[in-house]
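Overview (structure and organization)
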Amino acid sequence: MAAPNRQDTKKFFENLSGAGKSIGVLTSGGDAQGMNGAVRAVVRMGIYVGAKVYFIHEGYQGMVDGGQNIEEATWESVSSMLQVGGTVIGSARCKEFRTLEGRVRAALNLVQHGITNLCVIGGDGSLTGANLFREEWSSLLETLRTTGQIDDEAVQRNSVLHIVGMVGSIDNDFCGTDMTIGTDSALHQMPPEDDWEEELCYKLSGNRADKKRLNIIIVAEGAIDRSNKPISADYIKDLVVRRLGFDTRVTILGHVQRGGTPSAFDRILASRMGVEAVLALLEASATTPACVVSLVGNQSVRLPLMECVQMTQEVQKAMDEKKFDEAVRLRGRSFENNLHTYRLLCSRKSDKDLPSSGFNVAVLNVGAPAAGMNAAVRSAVRVGIAEGHKMFAVNDGFEGFAKGQIKEIKWGDVGGWTGQGGSLLGTKRTLPAKHAEKIAEQIRIHNINAMLVIGGFEAYLGLLELSRAREQFSEFCVPMVMVPATVSNNIPGSDLSIGADTALNAITETCDRIKQSASGTKRRVFIIETMGGYCGYLANVGGLAAGADAVYIYEEPFDIRELQANVEHLTEKMKTSIQRGLVLRNENSNENFTTDFIYQLYSEEGKGVFDCRKNVLGHMQQGGAPSPFDRNFGTKVAAKAMQWITTTLKETYKEGRVFANTDDSACLLGMRRRAMVFRPVAELREETDFVHRIPKEQWWLKLRPLMKILAKYRTSFDVSDSAQLEHVTHVRPKEAAI
Ligand code: ADP
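Summarised in this report is the structure supplied together with it. (Residues numbered from 1 in each chain as written. Predicted model: local features only at pLDDT ≥ 70, side-chain atom pairs only at ≥ 80, totals over all residues. Heavy atoms only, no water.)

With that settled, consider the packing of helix α3 (residues 100-113) against helix α4 (residues 124-146). The geometry of α3 relative to α4 is characterised by a closest axis approach of 9 Å and an angle of 80° between their N-to-C directions. Our classification of the angle between α3 and α4 gives roughly perpendicular. Contact residues: L100, R103, V104, A106, A107, L108, L110 and V111 in α3; L132, F133, E136, W137, L140, L141, T143 and L144 in α4. When the residues that make up the contact of α3 with α4 are grouped by side-chain class, the tally is 13 nonpolar, one polar and two charged. (Axes fitted to C-alpha atoms, helices over the stretch in contact; angles between N-to-C directions. Helix = DSSP H or I, 4+ residues; strand = E, 2+ residues; numbered from the N terminus. Parallel < 35°, antiparallel > 145°, perpendicular 65-115°, else oblique. Contact = heavy atoms within 4.5 Å. Nonpolar A, V, L, I, M, F, W, Y, C, P; charged D, E, K, R; others polar.)

Applying the stated rule across the entire model yields 27 salt bridges. A salt bridge links R302 to E276; the shortest N-O distance between them is 3.0 Å. With R302 in strand β7 (residues 299-304) and E276 in helix α8 (residues 264-283), this residue pair connects regions lying 26 residues apart in the sequence. A single burial state applies to R302 and to E276, both of which are buried. Taking the shortest distance from any N to any O, the salt bridge between R302 and E283 comes out at 3.0 Å. Of the two residues, R302 sits in strand β7 while E283 sits in helix α8, which places them 19 residues apart along the sequence. Assessed through its relative accessible area of 6%, R302 is described here as buried. One connected set of salt bridges, linked through shared partners, spans E142, R145 and D152. (Salt bridge = Lys/Arg side-chain N within 4 Å of Asp/Glu carboxyl O. Buried < 20%, exposed > 50% of the residue type's maximum accessible area, 1.4 Å probe, protein only.)

Here four strands make up an open sheet; going across it, the order is β15-β16-β14-β17 and the pairing parallel. What marks the edges here is a single partner per strand, and that holds for β15 (550-552) and β17 (611-616). Across this sheet, the average inter-strand angle for adjacent strands is 15°, counted without regard to direction. Inspection of the sheet shows strand β14 (residues 524-530) paired to β17 by six bridges, in the parallel sense. Each residue of the ladder has a partner; that of I528, found in β17, is N615. On the sheet, helix α17 (residues 537-546) packs against β14, β15 and β16 (580-586) and is oriented at approximately 165° with respect to β16. (Pairing = 2+ DSSP bridges.)

From the geometry alone we can't say anything about function, so treat these as descriptive.
Here you go:
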């Protein structure tokens, strides 16, 4: 990696040293997927900066008991840990830590190891404990001193305890965070209205009338009604059998949710948070408050631990006092929005209750299929109908539009679409310009007043073409919005696109399997080719999630010297206890250094140390059922886009017609850092490399050094973008808007 050349404006990681520091890492409370990824990242980042890192096994219990429970971690000790569910270092509940005596013993154990930095991965209980521990630290040391267990010098040396929390709960119950480690791999609450039983039965019988024979009801552990009475799955089963006579089965997911391999999202989140936690510890001074590292949207944030704990307690208090609306509000905007969207999409009204706006809105898929497109269409159709519009489905993208493959789509038509892969509407890459006349005609025939395009790079190009053609065709002077949906994640104006997470999961699962296939055999390196066109997102982020040793992408040119250095690096690693190597290569990363070439190079140079296998992943990355993240993301983004359409329609409706020809009436809705942002497509033009079909700037390139660090390379890491301490209340309003 090139030497940093903007030292003056950027803050580089090299200046932060962990030399002489000891970091303890523990997982506590209920275990969750992704905890291992977080531990791995803390260990490797800690070692990378020159600190000593200690595992504290069995959570606070290990801290109280000491002895073998506190063990120095090595680089290799966290190898092959990323793909394992739950927590490898153990997580126990600990009664003693709730007592002062327990915490005094824990403090002594930390002092004996010189651990003055603690990284706690756990839920609200664990972090409440951590907060208390930190607040008491001086008095704990004082107790140890007065009882003669430590001397003055030890008190001095350990006078400040830095604590960073990472939320690892799958209940997503820790306030101030958008996504906690593990929530993506498990999935999900406000008590229902008092007449919920009637409402539920009404909905179910309505579904049957529509010939829908399968209904799934999800009951959260801890669900209660408005008088705090538990609602159990069995109670619901009895209700459905008694009132409706439907055959009903109950399945308790239980530990299925906690076990299993963590999703790509969880692994990346955990890796990013782990690195962020170490940075926060290195940067902490005697006066900085203990913090929680977290993610809002796509952005790392640090929040004061104490504020998070207080907020969580306020939520609990509101729940206890049955102030449920207050509790939902306190849980943050993201939670509130999710709940609102979920209710809107599920609460079917009879046609006569629906408002009528008099507007017709077309929905289409454009580009290659991506998982989550159907969830987006379902959400758009239902939100559109709920807002009073008549919704029209277009088959086969702009090509189908030109051919008149368009018809009205109703609420019930999109039932069950959320979990289906591919594009049920049909999608094509065809661009609209050369069919402009025909499309305009269809818009006229069906009196289409607005358009929602769900798709990839062609959708973006298509919108640019249509907005350019507005001068010629007044039919295109209607609000148009696209939401990015492509596995490649190469759309300007959005950090993420629908479908990319599913593709990443497919890549990581395959890498896990490929790695496993060779267990017990001799040392082996796998060369894996991923899709993405010129966009290295899948290769790079997939590499981070799978724990790759090297990733070749177009965006970061590489030469023969780099390839040679990588082979040598891997050869060295293979001399330790590490048995597997993983190398990812994006399909268009380099015209001449092909996957075959790299495979042959590694095979030749690794002779006698390791052998090689290669694998081209191909279209399996596009297919499959959408991941929970893509279902949610597709649902939320499309709902927001449809709300924009409603607003823009109202703004542009004058004298009996809709007329929209300004740039801001042809937009792309994307996730930008922590917010969902509408940007005119015309404005995105200058941010686009049209030749290679990628944005000129891509945020995830910042994750590249992280991947290298976790693969034991020395590299330069720009931390000027790392999170600053904020307040819980500041994260809430508007900004965390999905
Ligand atoms: P989670 O962290 O998943 O919410 P728990 O609520 O069970 O799980 O908390 C895990 C552990 O954290 C407890 O077993 C206990 O050791 C510690 N802990 C929780 N709350 C407190 C508290 N108020 N004071 C001290 N320690 C606590």
